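So the chains spell out like this:
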Amino acid sequence: MESFKLENILNEKYNKKHDGYLQYGTAGFRAGADLLDHVLYRMGLLAVLRSKDKNAVIGLMITASHNVESDNGVKLIDPAGEMLEPAWEQIVTNLANVNDSNLISTIQQIIKERNIDMSVNATVITGRDTRRSSPALLNAAIAGIQGLNGTVQDFGLITTPQLHYLVVCMNTNGSYGVPTLNGYYEKLSKAFKHVRQDKINNGQYVAELQLDAANGIGAIAVKEFHNYLGTSITIDVYNDGDGELNYLCGADYVKVQQQPPTNFPLKPNVRCVTVDGDADRVIYFYLDENNQFHLLDGDRIATLIAAYFKELLQECQLSFKLGLVQTAYANGGSTDYISNVLKIPVACASTGIKHLHGKALEFDIGIYFEANGHGSVLFKESVVQTIKHATMNAQLQASEREAASKLLNIIDVINQTVGDALSDMLLVETILHAKGWSIIEWKKMYKDLPNKQLKVKVSDKNVITTTNAETQCLTPEGLQHGIDKIVSQYKKGRSFIRPSGTEDIVRVYAECEDTCDLDKLITEVALLVY
Ligand code: NG1
Ligand code: ZN
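Within each chain, residues carry numbers counting from 1 in the order of the written sequence. Whichever chain is written first is A, and whichever ligand is written first is 1; the rest continue in order. pLDDT decides what is reported in this predicted model: residues at 70 or higher carry local features, side-chain atom pairs at 80 or more are listed and counted, and totals for whole chains, interfaces and linings draw on all residues regardless. Calculated side-chain values reflect all of the structure's heavy atoms, with hydrogen atoms and water omitted.

(A) Here's a closer look at the site of ligand 1. In these notes, residues near a molecule or strand are those with any non-hydrogen atom within 4 Å of it. What surrounds ligand 1 is a group of 14 residues, the closest being E370, S500, G501, T502 and R507. Any pair of N or O atoms that falls within 3.5 Å is considered a polar contact. Within protein, one atom must be able to donate a hydrogen and the other to accept it, and sequence-neighbouring residues count only if both atoms are side-chain atoms. Within the side chain of N372, a nitrogen or oxygen atom sits 2.7 Å from an oxygen atom of ligand 1. Within the contact set of ligand 1, an oxygen atom lies 2.5 Å away from a side-chain nitrogen or oxygen of S500. Taking 430 Å² as the accessible area of ligand 1 by itself, protein coverage stands at 94%. Accessible areas in this description were obtained via Shrake-Rupley with a 1.4 Å probe; residue shielding takes into account the shown protein chains only.

Next up, the structure:
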């Protein structure tokens, strides 16, 4: 492309108005919404380049997920629904931070270095969460996309996982699903209803649950789901948009604070579920008859799925490499149960869905979940074909074919393109229904070690670097030695420190056998960086 055409991309409205440095982190750019106008504009430009580079549809999602309402963010979705390729993260970070006077030359450099054919058509599909700042940021992104002559298709208010689904459907000519929101709701709910058939309740399982939507997009999506799910399940929605986004509610709040959301009626032993601001994380919880709060997080969800899939595979006499991927935040109780009781291999990945997703692909059936409730299950195409054959294999017994058919339908309940709170919720409901379990039976599977997370504000979080899937600190010197010394004094003690990729803080995690020791352990470790 000649440089005179590139001059079109100069747009005063979206000039950079501050000097702060922004980094494309674990989940794209996140910052105060007022700092992001030029970033969104430039991400629009970049999404066009990426689309041309891959000759495929790229997604651009405007959200800051679980962050406060005043923050916002953007992430790009690559053609197969995965997070932006790591090699491009530095390119994106650089583009977001250059001065306006260097914008054209930076774009030229990207085109040259990546050898991008500018004659290829570019399509970018966009979506946004319910933040007040999102529409203006969307306009900035659209201006950027159109500035480089890209085609935009805006899906408006949608959940992050819905945009991932749409990107994949579009890039696979519909073979993964119909590339519309209707297609998404239809695919998941049809499979969900098919597995439970007309039997709504089963054993201890009652098809009713209460959902905390974090005052975010999840409320809109669940209400839409109602139209497709019919009477198969009743979901009462709270924090459905009247209050402030993520404030004293939502999956992150419930998980980190280990307490129920506000504005939420609690009845003993009723199954409750909470999602985050862009509906990609899901956590279950309940209050027992003694008013004790119980949390069933991503580790519990992963364990439930793994145990059930193992059971189904045995029932249909199929043998695949089934594995589970966690992060260092996974409770030691869950890891122990999965590897030593279920005897399913467990891998540990760095925080951030792209790391878990990548590792899960190494298994035939890879289940991955962050403890915070973000996760999915991935099936190799050859596995799906084998299961399909088993459903029609006359040499198998009827019960074996039935188990295969159940498995096949369950695959369609799952949004394999990324962790999806609502799809994961339907999957959990499907499994609890099949087992005839209430939330209490589910909770009994294993015992969590008492655990806690703290956020510590430090002057420069990046002085802390880590290794071994973030379980150990490399720098500053002596920090890891300090952690080891403290941890060795606690039974089943484990603790680690890492800089957050989404907030300007350092996270401290600790677990140990005795609840009474927990505060002391985590405080001692936190003091090492305070
Ligand atoms: P950071 O801020 O890097 O810890 C958090 C979550 C991640 C992931 C991202 C993206 C924890 C401890 N960390 O990342 O798991 O979900 O946000 O939303 O929950
Ligand atoms: Zn989220």
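(B) The coordination of the zinc ion (ligand 2), seen in detail. At the metal site, the zinc ion (ligand 2) is ligated by S65 (OG), D276 (OD), D278 (OD) and D280 (OD), and these contacts range over 2.0 to 2.1 Å. A donor here means any N, O or S atom no more than 2.8 Å from the metal (3.2 Å for Na, K and Ca); water is not included, so a site may seem to lack partners. Metal sites are grouped by the angles between bound donors: all angles between 85 and 135 degrees with four donors is tetrahedral, opposite donors over 155 degrees apart with the others between 65 and 115 is square planar for four donors and octahedral for six, and any other pattern is irregular. Angles of 85 to 170 degrees at the metal separate the 4 donor atoms of the zinc ion (ligand 2), which places the site in the irregular class. Binding-site remark: the zinc ion (ligand 2) is held by donors from one chain whose sequence spacing is S-x210-D-x1-D-x1-D. One end of the pair, S65, is in the loop between β2 (58-62) and β3 (71-77); the other, D278, is in the loop between β8 (272-275) and β9 (282-287), and 213 residues separate them in sequence. Neither residue differs from the other here; S65 and D278 are each classed as buried. Numbering of helices and strands runs from the N terminus, with a helix taken as a DSSP run of H or I at least four residues long and a strand as a DSSP run of E at least two residues long. Only protein chains enter the accessibility calculation, which uses a 1.4 Å probe. A residue is then buried if its area is under 20% of the maximum for its type, exposed if over 50%, and partly exposed in between.

(C) Focus on the pattern of salt bridges. Whenever Lys or Arg places a side-chain nitrogen within 4 Å of a carboxyl oxygen from Asp or Glu, that contact is recorded as a salt bridge. Overall, the coordinates contain 25 salt bridges when judged by the stated rule. Put simply, D412 and K187 hold a salt bridge, and the shortest N to O gap is 3.9 Å. Of this pair, D412 sits in helix α14 (residues 398-413) while K187 sits in helix α7 (residues 181-196); the two residues are 225 residues apart in sequence, bridging distant segments of the chain. Because the salt bridges share partners, they merge into one network encompassing R50, D53, D78 and E85.

(D) Region of the structure containing the side chain of T502. Mapping T502 onto the fold places it in the loop between β18 (494-499) and β19 (506-511). Look at T502 and you get buried, because its relative accessible area is 16%. Those residues within four positions of T502 in sequence are excluded, and the remaining contacts are T26, A27, R30, H66, N67 and R507. By definition, residues are in contact when any of their heavy atoms lie within 4.5 Å.

(E) Highlighting the nonpolar core. L211, Y284, F309, M425 and W442 are the most contacted members of the largest nonpolar core, which has 91 residues in total. With 10 residues, helix α10 (residues 298-315) is the largest single contributor of residues to this core. Nonpolar cores are built from buried Ala, Val, Leu, Ile, Met, Phe, Trp, Tyr and Cys residues. Side-chain atoms within 4.5 Å join them into one set.

(F) Region of the structure containing the sheet that holds strand β14 (residues 375-379). Here, strands pair whenever DSSP counts at least two bridges between them. In space, the 4 strands of this open sheet follow the order β12-β11-β13-β14, with mixed pairing throughout. Here the strands that pair on one side only, and so sit at the sheet edges, are β12 (346-348) and β14. Recorded for the sheet is a direction-independent mean angle of 20 degrees between the axes of neighbouring strands. Examined bridge by bridge, strand β13 (residues 365-369) and β14 share 5 bridges and lie antiparallel to one another. For I365, the partnering residue across the bridge sits in β14 and is F379. Convention adopted: a line fitted to C-alpha atoms gives each axis, helices being fitted over their contacting stretch, and angles between N-to-C directions are expressed from 0 to 180 degrees. Running at roughly 165 degrees to strand β11 (residues 322-326), helix α11 (residues 332-341) makes contact with β11 and β12 of the sheet.

(G) Up close: the packing of helix α6 (residues 160-171) against α7. Between α6 and α7, whose axes approach to 10 Å, the crossing angle comes to 100 degrees. Regarding the angle of α6 to α7, the classification is roughly perpendicular. Across from Q162, Y165 and L166 in α6, the residues of α7 making contact are L181, G183, Y184, Y185 and K187. Only Asp, Glu, Lys and Arg are considered charged, only Ala, Val, Leu, Ile, Met, Phe, Trp, Tyr, Cys and Pro nonpolar, and every remaining residue, Gly among them, polar. Of the residues belonging to the contact of α6 with α7, the class tally is 5 nonpolar, 2 polar and 1 charged. By definition in this entry, angles of less than 35 degrees are roughly parallel, angles greater than 145 are roughly antiparallel, angles of 65 to 115 are roughly perpendicular, and the rest are oblique.

(H) Up close: the side chain of R300. Relative to the elements of secondary structure, R300 occurs in helix α10. If we skip the residues at most four places from it in the chain, R300 touches L295, W442, K443, Y446, K447 and D448.

(I) Summary view of the confidence of the model for the protein chain. Each residue carries a pLDDT score, the predictor's own confidence in it, on a scale running from 0 to 100. Summarising the model, the protein chain shows a mean pLDDT of 95, and 99% of its residues fall at 70 or more. Under the prediction, the complex receives an ipTM of 0.98, its pTM being 0.95.

(J) Focus on the sheet that holds strand β5 (residues 151-157). Taking strand neighbours across the sheet as the criterion, the 5 strands line up as β1-β3-β2-β4-β5 in an open arrangement whose pairing is mixed. Each of the sheet's edge strands pairs with one partner strand only, and the pair in question is β1 (29-32) and β5. Each neighbouring strand pair of the sheet contributes to a mean axis angle of 15 degrees, computed without reference to strand direction. With 4 bridges connecting them, β2 and β3 associate as antiparallel partners.

(K) Spotlight on α14. To estimate how far a helix should extend, the number of its residues minus one is multiplied by 1.5 Å. For α14, which comprises 16 residues, the first-to-last C-alpha distance of 23 Å matches the rise-based estimate of 22 Å (1.5 Å per residue) to within 8%. Listing the buried residues of α14 in full gives E400, A403, A404, L407, N409, I410, I411 and V413. Taken together, the buried residues of α14 touch α7, α10, β14, α13 (381-392) and α15 (421-435).

(L) Spatial organisation of the packing of α7 against helix α8 (residues 217-229). Their axes nearest at 9 Å, the elements α7 and α8 cross at an angle of 55 degrees. Classified by the angle between their axes, α7 and α8 sit oblique to one another. Once α7 is placed against α8, the crossing between them reads as right-handed. In this structure, α7 uses N182, Y184, Y185, E186, L188, S189, F192 and K193 to contact α8, whose residues at the interface are A221, E224, F225, Y228 and L229. In this scheme, a crossing is called left-handed if the near helix is turned counterclockwise away from the far one by less than a right angle; it is called right-handed if the turn is clockwise.

(M) Focus on helix α12 (residues 353-360). Taken together, the buried positions of α12 are I353, L356, H357 and A360. End-on, the buried residues of α12 take up no more than an arc of 100 degrees, which puts them together on one face. For α12, the elements touching its buried residues are β11, β13 and β14. Each direction from the helix axis to a C-beta atom contributes to the arc, which is the arc of those directions.

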